[in-house]
Amino acid sequence: MRPLLILAAIAFTLAACVGGNETGAASKAGRVLILGLDGTRSELLEIAAMPNLNRLRATGFTDLDAVTGDVSLSGPGWASMMTGVWCDKHNVVDNDATWANSQFDIFPHFMTRVEQIRPELKTVSVSHWAPINDEILCADERADHCGQVDEVINQSTDAGVRDTVVEILNTDNPDVVFAQFDDIDHAGHGTEPYMSTLGGFCPRTTGSLDGACTVSGINSEYIRAAEVTDGYIGDILTALHRRPNFQAENWLVIVSPDHGGGGTLQNQHGFNTAQERRTFFIVSGLRTAPLPGKPVTTLAGLPATTGNSTAPTDLTGAKIVDVAATALFHLRIAIDPKWGLEGQPIGLPGVPAYIEKPIPSCFNTTSFSADDRKPENGSRGSAAPWH
């Protein structure tokens, strides 16, 4: 697999008033907005009508061949993104039982690091999938209250996430905002509000570049969910660049899913296949830079996967654990080696040279199968749909 790295000179509102030199707002500590899109395959960015994500891509770093861990479920995916470490450290390898074994006291949510080092910054986490806040940020093993993060908000709909973030950007003064959208994943599973007969994480027809979908067809609801979510993102970006002091605030926008889907079973995920582990990584702001030595290409230039049960053979490039490190770097918070972070800052000028490191495996073939995988839950031990 080869990452897609795009640097374009198209003007976007995040860069329009500052330009390309490293002076003014771009040279000082900035603010961060992270948009998490559950279950979103990279192909959606080139197939669905997603003009707002394309605006971010136009002036930023984009890797359409980023990768998550080999247990491609939301529990370990979001845990790795928020903490900057892999499953062998945070200990979450499903969506239910292993929350009880998590080590978020040792490897906390990155916003906890922010509050420890720069408590004057206002931090906000808004999520449709409640365990991101309830189990990762506000973990039972933590002695403090949700890592002292200023606002921790769960919403029951993606529209609610959008409304909350827009309101905060319009009326408050946040420095770090995380917003998680869940409906694209719902559409892949064929669950509300995007019901379909079989569901499917299938943005292309059988025999597509990214591997055949398990049964036969493209899931139009999966594409529609992506397009609706992009509209929500547009509302958030509008609120962002209408902030009175936006030009001086030096916002960085990071976008990443937690996993893909449809590799082993059309409407599921969780296994170690290219379709389920392939994600994307967007970094957009006043100045961005590519990973050195990587070619500029498009999704069509990526090597095809060979089947629904094929594990990815190339794990180089951006990784889900790089989200936290990139956010910390932009906030000018030095990463202490004692933290044990495995992610690295990417997509920004001045970051250290990227070092490829092995990704630990937490996938247990003897205990993890299509028949006994735990459903993704709202809390420890509760039942909920696949996620």
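Structure: see above.
Quick look at the structure, then.

Reading guide: rules and limits
- One numbering rule holds for all chains: residues counted from 1, following each sequence as written.
- Local features in this predicted model are restricted to residues whose pLDDT is 70 or higher, and side-chain atom pairs enter the listing and the counts only when it is 80 or higher, whereas totals over whole chains, interfaces and linings include all residues.
- Based on all heavy atoms of the structure, the side-chain values leave hydrogens and waters out of the count.
- Burial classes follow relative accessibility: with a 1.4 Å probe on protein chains only, a residue under 20% of its type's maximum area counts as buried, one over 50% as exposed, and anything between as partly exposed.
- The way it works is that DSSP assigns letters per residue, a run of H or I at least four long becomes a helix, a run of E at least two long becomes a strand, and they are numbered from the N terminus.
- Paired strands are those between which DSSP finds at least two bridges.
- To obtain an axis, a line is fitted to C-alpha atoms, over the contacting stretch when the element is a helix, and the angle between two such axes runs from 0 to 180 degrees between their N-to-C directions.
- Contact definition: two residues touch when any of their heavy atoms are within 4.5 Å.
- Throughout, disulfides are identified as pairs of cysteine sulfur atoms within 2.5 Å of each other.

Description of the pairing of strand S5 (residues 176-181)
Line of reasoning, step 1. By the criterion of burial, S5 is predominantly enclosed, with 6 of the 6 residues buried.
Line of reasoning, step 2. Burial along S5 is two-sided: Val 176, Phe 178 and Gln 180 and Val 177, Ala 179 and Phe 181, pointing in opposite directions, are all buried.
Line of reasoning, step 3. Bridge count between strand S1 (residues 31-37) and S5: 6 bridges; the pairing is parallel. Bridged to Gly 36 within S5 is Gln 180.
Line of reasoning, step 4. Relative to S5, strand S3 (residues 123-127) is paired through 5 bridges, and the arrangement is parallel. Bridge pairing in S5 places Ser 127 opposite Gln 180.

Observations regarding unusual backbone geometry
Excluding glycine, a negative phi dihedral is what most residues carry, and trans is how most peptide bonds are arranged.
Line of reasoning, step 1. One non-glycine residue, Asn 91, lies in positive phi territory at about 75 degrees.
Line of reasoning, step 2. Within the element layout of this structure, Asn 91 appears in the loop between helix H4 (87-90) and helix H5 (110-117).

Considerations on the sheet that holds strand S7 (residues 278-284)
Line of reasoning, step 1. Taken in spatial order, the 7 strands of this open sheet run S2-S7-S6-S1-S5-S3-S4, and their pairing is mixed. The open sheet terminates on both sides in strands that have one partner only, identified here as strand S2 (60-67) and strand S4 (151-154). Shown here is a sheet whose adjacent strand axes are inclined to one another by a mean of 10 degrees, direction ignored.
Line of reasoning, step 2. Against the sheet, helix H12 (residues 322-330) touches S1, strand S6 (251-256) and S7, its axis set at about 180 degrees to S6.

Focus on the state of the cysteines
Line of reasoning, step 1. Under the criterion given, the structure shown has 2 disulfides.
Line of reasoning, step 2. Disulfide partner of Cys 87: Cys 362, at an S-S distance of 2.0 Å. Handedness of the Cys 87-Cys 362 disulfide follows from its S-S torsion of about 100 degrees: it is right-handed. Of the two residues, Cys 87 sits in helix H4 while Cys 362 sits in the segment after H12, which places them 275 residues apart along the sequence. You'll find Cys 87 and Cys 362 in the same group, each marked buried.
Line of reasoning, step 3. Linked covalently through their sulfurs, Cys 138 and Cys 146 form a disulfide whose S-S length is 2.0 Å. Here the disulfide of Cys 138 and Cys 146 is right-handed, its torsion about the S-S bond being about 110 degrees.
Line of reasoning, step 4. For Cys 146, a relative accessible area of 8% gives the class buried.

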